[in-house]
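In case you want the letters, here they are:
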Amino acid sequence: MVMTRGKKKIAAGVLISIVLTACGSNAGSESGTNGQGNANEGQVTLQFMVTSENYSGRLKDFIANYEEMSGNRVDVQLFPAAEFDNMLKVKMMSDEGPDLFVTDDIAMSQFQVPVEWFEDLTERPWAERLSDGGRAIIEWNDGRITGLPITNPGGMGMMYNKAIFDELGLSEPTTWDELLQLSETLKQAGVTPINIQLANGSEFGTTHLMHQLFANAELNRGSQIWDELNSNKLKLVEVEEYEQALQQMLELKEKGYINEDFISNTFEMTQEKLGTGQVAMHPGGDFILEPLLENYPDIELGFFPMPFGDTPGVISLYAGVGMSVNSNAKNKEAALELIDFFATKEEQEAYMGKAPGTSVFADVEAEQNMISEELQKYMDSGRAFMGMFGRFQVWNDMDARKLMQEMMLGSKSPQRVLEELDAKAELLGRGKQLPGW
Amino acid sequence: MGKKTRGLNRLVELGLWALSLIIFIPYLLVVLTSAKNSKEAGLFRLSFPSEFHIFENYQTIFERGHIIQGFINSVVVTFGSLVLVLACAALLSFYIARVKGKFSDFLYRFFLLGMVAPISLVTTFNVLKGLNLLNTRLGIIMIFAGILIPFAMFIYVGFIKTIPREMDEAATIDGCGPYRMFAVIIFPLMKPITFTAAILVFMNVWNDSQIPLFFLNDNQYWTMPLNIYRFYGYFRTDWNYIFGNILLTTLPVFIIYLVGQRFMIEGMTSGAVKG
Amino acid sequence: MSASIEARKLPLLRKRRPPIYYPVLFIVPALIVYLVFFAYPTLLGFYYSFTDWNSSNSDIRFVGLTQFVEAVKNPDFGIALRNTFIFAIVTTLGKNGLGIALAVLLTMGIRARSALRAVYFSPAILNIVAVGLIFQGLLNPHTGFLNNTLRSLNLDFLALGWISDPSLAIYAACLMEIWRATGISMAIYIAGIQNISKDYYEAAEIDGASMWKKFTHVTLPLLMPAITINVLLAVIYGARMFEGVYFLTQGGPGSSSEVLMTLVYKYMGQGLYGYSTAMNLILVVLIIVISMPLLSYMRKREVEG
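Here the structure is a predicted model, which means the values were calculated and not measured. (Residues numbered from 1 in each chain as written. Chains lettered and ligands numbered in written order. Predicted model: local features only at pLDDT ≥ 70, side-chain atom pairs only at ≥ 80, totals over all residues. Heavy atoms only, no water.)

### Some points on the overall build of chain C
Alright, step 1. For chain C, the count of helices and strands is 13 helices and 0 strands.
Alright, step 2. Ordering the α and β elements of chain C from the N terminus gives α-α-α-α-α-α-α-α-α-α-α-α-α.
Alright, step 3. Summarising the internal contacts of chain C: among those between residues at least 6 apart in sequence, 68% fall at separations of at least 24. (Helix = DSSP H or I, 4+ residues; strand = E, 2+ residues; numbered from the N terminus. Contact = heavy atoms within 4.5 Å.)

Take a look at the structure:
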């Protein structure tokens, strides 16, 4: 009958909702282990926020090891990188923060995220085991240690296909002109000299070129450049090295030494192009090796910094995605226990064994990969500097990445790019009420 | 129907079917791509897969995509919001449509403004937190309700005004108190517009990914659109998986749609908006 | 029941009308939900746009209009504003123009009209994230379906940059939204058309009106209420659009397809909360300023059906 149908619908709806709610709450959550915690006395469940992209196999294995060792459970909460920062901020601000969380880059994190959130790890027992080089990479400007890398730290330089270079009799360039010349040779031989990666989400492939060129400013001016930039005494547009760097990048395009489809070139496409020998050089770091070698195990890559004018150029370092402890963690002790466990020699060696590269610990025997070996040389000879994102407090890498798209498409000049970066830096500086802005 | 009209109709029909390719082609692309291997998927051709990977692809998607859990969550949230919005809005709109005066006008405008403003994420987060509703589906339902009641009211008020007051009077004379009058006489008359409103609410809630993302901490409570997003974040360029996930996520809705579509559209069309 | 009502109604009505009691209680549930979960946090959010609230500082100070000034000075503000307008207007025109056209065609008495209506409505049930991803697959300039097809038909010059061309990106987003949501407008217009009494058309027929005349003199004027609602909702929705643009282009390439909501989101992500809510408030004011006059203009043109 007409009159009761409305009520029936409501009643049915409510009933179904109740039933489904009851059913739904029994489903398991994304957990790092198979062992269902039968509530042990004192068993703790740690909340660990990780970006989906960085939830690697070896991280999963480590977490499983920890759970076995400690009897605690780790509840891994995954979020896509684009949402991660927002989610973390919202949760932290409402005191719902996880016990452990990842940051994009340990050095960069000091600017990205409020410093109060990080538990100071400088006094942890393992801190003394860090190598000098390792410590220099992961410590903050004020010397604090706040995290350990879960992806290998490394450097941004130009990787090149050794086979192609050998075939054409090319050697690593030490000046810009030499680079242009060998690019011409490559072009004539039908190989795209340099790969530019600028698809949405993959633009880091190009800022990696930008950062290594930018690092020459520190080489020339010393580390006080950071004090000057950070206190707003110096603007980006006033640093000639930065403009020259961008001009060099543009020159590559103008001379036709880059791939035409750069704007839709993704990280995966880059791997294919490198692996199949369509491109000879690509700016980046050793993080590309794991996926690349899976599909193209025979490739051999060399590594050199992009030359800058008449100089051979420098490498830009990054600290790697880091794992940190929330200073307001509900289960701080257990969280610290986890990170201490991660820092042990056995765990580190197991971890590094799955993806060789640079370890930050002095006593860890880590196999080097073909790139990190080269990188070590540059680090030892003082030709490697931490990237801008880890030193300039109002740097937003995303803004730079988007501007790279516009610059390479020709809609903004290098000078305009630097001016806009300055404007955005000022916005951030004023917004956060940093001294000097 | 004259011959000329029939011929014209045929032509129009043909034209519309041809035009509908614009709709079908993307669907076809999704289906075909989901059966391919990753490399071929990235080429986005309307070709048959050279190797059929249906089983492996879907197995992976099921395992990683939390399809069923997501579906259950979506149903709970959508249904709950539907009930809450329709009930609150119907009552509210009835009052506004019937009672004259400044207060009533003010109410109408007050709620109307709610259609214009997007929600403020952090402050809402704190509200939920204060009420201990964070990370609950009930909390999400409340938020959706807060946002959608204005829209439902907008649609309802116009329609109620077309129900003659005599109905109210008749019911009152008959001894109905206002509550019974509403429930027994008026609400059933609002069936067509309730349909329209229900569809609008359904589509807004089911497809929303922003609100669950922000207010549901636990992955286990995530709704289907969110799972698409999370899946995409993980399998960035494995378009075969991504499209397969989209297919599975959309399938239940599509089935419901095919079965109920005449209902749905007729409901919308008969719940005519008279302004 | 009716007979006795009639009998009892007549004498009563002649004497006096019983007061009908509409309890205020009716509005309470809606009011509670709306106030607690929407109005209060949103207004609080607006309050914050007059402060310097950010993620680095726990003291919050009142700063007047500073955030608004900063917002307007942002290099991306001009583009975002322009794009917001473009998106709102283009999608509104598209959805409503096509919607009316489809509605007219699908009320002409075609045999397959139910099926066709279902087909044209179907994209609306898809999730926006999914649509964004699908369109990425369609519109990618180098590997996307559209350009591949155009190239194989030797129509290379039509194979434009779509989502990777700064001047086209926002229009690509418009295209996607029109594809997705035209069916909804169509359905509402079908309703409107079905509500138009046949008498009008017969009268027009008698007057010798052509199909076009029938459309412009009968259909359109009587559809005005539906048009008002649809256009208003489309404009508001278009101006507030976030997910559609974000999942297709992420505001790119560069910042060429940013809209105000994507900027709001971006700065919230950077921890500049006061700034972000200020931009939000600017958007809201903009929408009110545009839609109020629009609403009254359209109301004036409505004809009682």
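### Regarding a nonpolar patch on the surface
Alright, step 1. A surface patch of nonpolar side chains, about 590 Å² in accessible area, is lined by Leu131 and Tyr179 of chain B together with Leu25, Val28, Ile32, Leu35 and Val36 of chain C.
Alright, step 2. The topology assignment puts Leu35 of chain C in helix 2 (residues 28-48).
Alright, step 3. Take Leu35 of chain C: its relative accessible area is 35%, and that puts it in the partly exposed class. (Patch = residues over 30% accessible without salt bridge, like charges linked within 9 Å, V, L, I, M, F, W, Y side chains within 5 Å. Areas by Shrake-Rupley, 256 points an atom, 1.4 Å probe, with all protein chains shown as cover. Salt bridge = Lys/Arg side-chain N within 4 Å of Asp/Glu carboxyl O. Buried < 20%, exposed > 50% of the residue type's maximum accessible area, 1.4 Å probe, protein only.)

### Considering the pattern of salt bridges
Residues and elements named next belong to chain A.
Alright, step 1. One pass over the full model with this rule turns up 27 salt bridges over all chains.
Alright, step 2. In this structure, Glu240 engages Arg221 in a salt bridge whose closest nitrogen and oxygen atoms are separated by 3.7 Å. In this pair, Glu240 sits in helix 11 (residues 240-254) while Arg221 sits in helix 9 (residues 216-221), placing the two residues 19 residues apart along the sequence.
Alright, step 3. Residue Arg430 is joined to Glu426 by a salt bridge in which the shortest nitrogen-to-oxygen separation is 2.6 Å. In this pair, Arg430 and Glu426 both sit in helix 18 (residues 414-431), 4 residues apart, roughly one turn of the helix.
Alright, step 4. The class of Arg430 is partly exposed, set by a relative accessible area of 30%.

### Remarks on the interface of chain C and chain A
Alright, step 1. Taken residue by residue, the interface counts 37 residues in chain C and 29 residues in chain A.
Alright, step 2. Across the chain C/chain A interface, buried area totals approximately 2,700 Å², and carbon plus sulfur atoms make up 48% of it.
Alright, step 3. Between chain C and chain A we count 3 salt bridges in total.
Alright, step 4. Lys424 of chain A serves as the salt-bridge partner of Asp76 of chain C, at 2.9 Å between the closest nitrogen and oxygen.
Alright, step 5. For the pair chain C and chain A, the number of links is 11 residue pairs in polar contact (both at pLDDT 80 or more).
Alright, step 6. Of all the secondary structure elements, the ones that give two or more residues to the side of chain C that touches chain A are helix 3 (66-73), helix 11 (243-249), helix 12 (260-269) and helix 13 (273-300) of chain C.
Alright, step 7. At 5 residues, helix 12 of chain C tops the list of elements feeding residues into the side of chain C that touches chain A. (Buried area = accessible area lost by both parts, 1.4 Å probe. Polar contact = N/O pair within 3.5 Å; in protein donor to acceptor, adjacent residues only side chain to side chain.)

### Re the nonpolar core
Alright, step 1. Core analysis: the largest hydrophobic core is formed by 319 residues, its most contacted members being Tyr242, Met281, Phe392 and Trp395 of chain A together with Tyr156, Met190 and Phe215 of chain B.
Alright, step 2. In terms of residue count, the dominant contributor to this core is helix 8 (residues 137-160) of chain B (17 residues).
Alright, step 3. What Phe392 of chain A contacts, discounting residues up to four positions off in sequence, is Phe111, Trp226, Leu229, Asn230, Leu236, Ala425 and Trp437 of chain A.
Alright, step 4. Counting 5 residues, the second largest nonpolar core, distinct from the first, contains Ile196, Tyr201, Val218 and Leu222 of chain C. (Core = buried A, V, L, I, M, F, W, Y, C linked by side-chain atoms within 4.5 Å.)

### Details of the interface of chain C and chain B
A common way to state how big an interface is: give the accessible area lost once the parts meet.
Alright, step 1. Counting from both sides, the interface comprises 96 residues of chain C and, opposite them, 97 residues of chain B.
Alright, step 2. Buried area between chain C and chain B, both sides added, is near 9,000 Å², and the carbon and sulfur share of it is 76%.
Alright, step 3. One can count 0 salt bridges joining chain C with chain B.
Alright, step 4. If you look at where chain C meets chain B, you find 12 residue pairs in polar contact (both at pLDDT 80 or more).
Alright, step 5. Per element, the largest residue contribution to the side of chain C that touches chain B is 17 residues, and it comes from helix 2 of chain C.
Alright, step 6. Residue composition of the side of chain C that touches chain B, grouped by class: 73 nonpolar, 15 polar and 8 charged. (Nonpolar A, V, L, I, M, F, W, Y, C, P; charged D, E, K, R; others polar.)

### What about the side chain of Thr175 of chain A?
Alright, step 1. By secondary structure assignment, the location of Thr175 of chain A is in the loop between helix 6 (162-167) and helix 7 (176-188).
Alright, step 2. The class for Thr175 of chain A is buried, based on a relative accessible area of 18%.

### Observations regarding the domain arrangement of chain A
All names here are of chain A.
Alright, step 1. The assigned domain composition of chain A is domain 1 (16-153 + 319-362) and domain 2 (155-318 + 391-431).
Alright, step 2. Its C-alpha centre places domain 1 at a distance of 31 Å from the equivalent point of domain 2.
Alright, step 3. Each side of the interface is counted separately: domain 1 has 13 residues, and domain 2 has 9 residues.
Alright, step 4. When domain 1 packs against domain 2, the two sides together hide about 880 Å² of surface, and 46% of this comes from carbon and sulfur. (Domains from an automatic or database assignment.)

### Quick look at the packing of aromatic side chains
Residue and element names in this part refer to chain A.
Alright, step 1. Per the stated rule, a full pass over the model turns up 39 aromatic pairs over all chains.
Alright, step 2. Ring geometry for Trp126 versus Phe361: centroids 6.3 Å apart, planes at 75 degrees, classification edge-to-face. Taken together, the positions of Trp126 in the loop between helix 4 (109-112) and helix 5 (132-138) and Phe361 in the loop between helix 15 (345-354) and helix 16 (370-380) put the pair 235 residues apart, joining distant regions of the chain.
Alright, step 3. Overall, Phe361 belongs to the buried group, its relative accessible area being 4%.
Alright, step 4. Taken together, the aromatic side chains of Phe62, Tyr66, Phe341, Phe342 and Tyr351 make up a single cluster linked through ring pairs. (Phe/Tyr/Trp six-rings, centres within 6.5 Å; stacked < 30°, edge-to-face > 60°.)

### Details of empty space enclosed by the protein
Alright, step 1. Per the stated rule, a full pass over the model turns up 11 cavities of 30 Å³ or more.
Alright, step 2. In this structure, the largest cavity spans a volume of roughly 1,100 Å³.
Alright, step 3. Around the largest cavity, the lining is made up of 44 residues, and of these Phe151 and Asn204 of chain B together with Tyr237, Arg240 and Glu243 of chain C lie nearest the centre.
Alright, step 4. For the lining of the largest cavity, the secondary structure elements donating two or more residues are helix 7 (121-130), helix 8, helix 11 (191-206) and helix 12 (210-215) of chain B together with helix 8 (169-194), helix 10 (211-239), helix 12 and helix 13 of chain C.
Alright, step 5. Among the elements that take part in the lining of the largest cavity, helix 8 of chain C stands out by supplying 6 residues, more than any other.
Alright, step 6. The class makeup of the residues in the lining of the largest cavity is 29 nonpolar, 9 polar and 6 charged. (1 Å grid on protein atoms, 1.4 Å probe; cavity = no way out; pocket = protein on both sides within 12 Å on 5 of 7 lines; lining within 4 Å. Points joined across faces, edges and corners; volume = space filled by probe spheres on them.)

### Concerning the confidence of the model for chain C
All names here are of chain C.
Alright, step 1. Model confidence for chain C is summarised by a mean pLDDT of 84, while 91% of its residues fall at 70 or above.
Alright, step 2. Put simply, helix 1 (residues 2-15) is where chain C has its lowest mean pLDDT, 49, and helix 4 (residues 77-105) is where it has its highest, 94.
Alright, step 3. Note that pLDDT drops below 50 for residues 5-9; the model gives that stretch 4 contacts with residues more than four away or on any other chain.
Alright, step 4. Here the predicted complex scores 0.82 on pTM and 0.81 on ipTM. (pLDDT = per-residue confidence, 0-100.)

### What to know about the sheet that holds strand 3 (residues 100-103) of chain A
As a general point, the strands of a sheet are linked pairwise by backbone hydrogen bonds and lie either parallel or antiparallel.
Residues and elements named next belong to chain A.
Alright, step 1. Across the sheet, 5 strands lie side by side as 2-1-3-10-4; this open sheet has mixed pairing. Only two strands of the sheet have a single partner each, and these edge strands are strand 2 (73-79) and strand 4 (148-149).
Alright, step 2. Note: strand 4 against strand 10 (residues 322-325), 2 bridges, orientation antiparallel. Bridging from a neighbouring strand, Pro149 pairs with Gly322 of strand 10.
Alright, step 3. On the sheet, helix 14 (residues 332-343) packs against strand 1 (45-51), strand 2, strand 3, strand 4 and strand 10 and is oriented at approximately 150 degrees with respect to strand 10. (Pairing = 2+ DSSP bridges. Axes fitted to C-alpha atoms, helices over the stretch in contact; angles between N-to-C directions.)

### Regarding the pairing of strand 7 (residues 279-284) of chain A
Residue and element names in this part refer to chain A.
Alright, step 1. The element strand 7 is largely enclosed, with a buried count of 6 among its 6 residues.
Alright, step 2. The sheet contact formed by strand 5 (residues 154-161) and strand 7 spans 4 bridges and is antiparallel. Directly across from Met158, in strand 7, lies its bridge partner Pro283.
Alright, step 3. With 2 bridges connecting them, strand 6 (residues 192-194) and strand 7 associate as parallel partners. By the bridge assignment for strand 7, Ile194 is matched with Met281.

### Digging into the environment of Leu252 of chain A
Residue and element names in this part refer to chain A.
Alright, step 1. Topologically, Leu252 is positioned in helix 11.
Alright, step 2. Taking the relative accessible area as the measure of exposure, Leu252 reaches 0% and is therefore buried.
Alright, step 3. As a C-alpha pair, Leu252 and Asn220 span 32 residues in sequence and 23 Å in three-dimensional space.
Alright, step 4. Apart from the residues within four sequence positions on either side, Leu252 is in contact with Trp176, Leu179, Ile194, Leu209, Tyr257, Ile258 and Met306.

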